[in-house]
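These are the residues of each chain, in order.
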Amino acid sequence: MFTHITVGANDLDASKKFYDAVLGALGVEPGFVDDRPSAWWRTSRGMFGVLNPIDGQPACHANGGTIGFAARTPEAVDAFHKAGVENGGVSIEDPPGERQGGFGKLYLAYLRDPAGNKICAVHRPG
């Protein structure tokens, strides 16, 4: 459905370090920085970018917005969470673990990145 998703950053270096760690825990190669400046991570299913806002205003997070990244295993979710906390992120909501909801059983973890964006890693058991 999506080709790419971007979030704003106030400190591109801190954001790149954070996303290299959390996305690396999910098996994604380190991102690259282009001349905008922005950082990008690519997979066969799409791209994720972090950038300084084009309008020159400070980056801020979306109230109610969340970006979810697919994880192959519950252990990958745990590694994502650990890497995020160790690289400038903040653990939010419940600790990583299993949840039951409208989408069935999920194993997930939520973080805020260095700019306050809300992200999560989600594993959907077979």
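Below is a summary of the structure that appears in this document. All values derive from a computational prediction rather than experimental measurement.

Scoring rules and cut-offs
- Residues numbered from 1 in each chain as written.
- Predicted model: local features only at pLDDT ≥ 70, side-chain atom pairs only at ≥ 80, totals over all residues.
- Heavy atoms only, no water.
- Helix = DSSP H or I, 4+ residues; strand = E, 2+ residues; numbered from the N terminus.
- Rg over C-alpha atoms; globule rule 2.2 N^0.38 Å.
- Buried < 20%, exposed > 50% of the residue type's maximum accessible area, 1.4 Å probe, protein only.
- Areas by Shrake-Rupley, 256 points an atom, 1.4 Å probe, with all protein chains shown as cover.
- Lys, Arg positive; Asp, Glu negative; His and termini not counted.
- Charge placed at Lys NZ, Arg CZ, Asp CG, Glu CD.

## Focus on the overall build of the protein
So, point 1. When its secondary structure is counted, the protein shows two helices and eight strands.
So, point 2. Ordered by position from the N terminus, the helices and strands of the protein form the series β-α-β-β-β-β-α-β-β-β.
So, point 3. Taking 2.2 N^0.38 as the reference for a compact globule, 126 residues should give roughly 14 Å; the C-alpha atoms of the protein span a radius of gyration of 14 Å, in line with that estimate.
So, point 4. Dimensions of the protein along its principal axes, counting C-alpha atoms only, are 40 × 30 × 30 Å.
So, point 5. The burial tally for the protein puts 41% of its 126 residues in the buried class.
So, point 6. On the protein, roughly 7400 Å² of surface is accessible, and the fraction owed to carbon and sulfur atoms is 53%.
So, point 7. Here the protein contributes 12 positively and 14 negatively charged side chains, and the mean placements of these two sets differ by 6 Å.

Read these as spatial facts, not as claims about activity.
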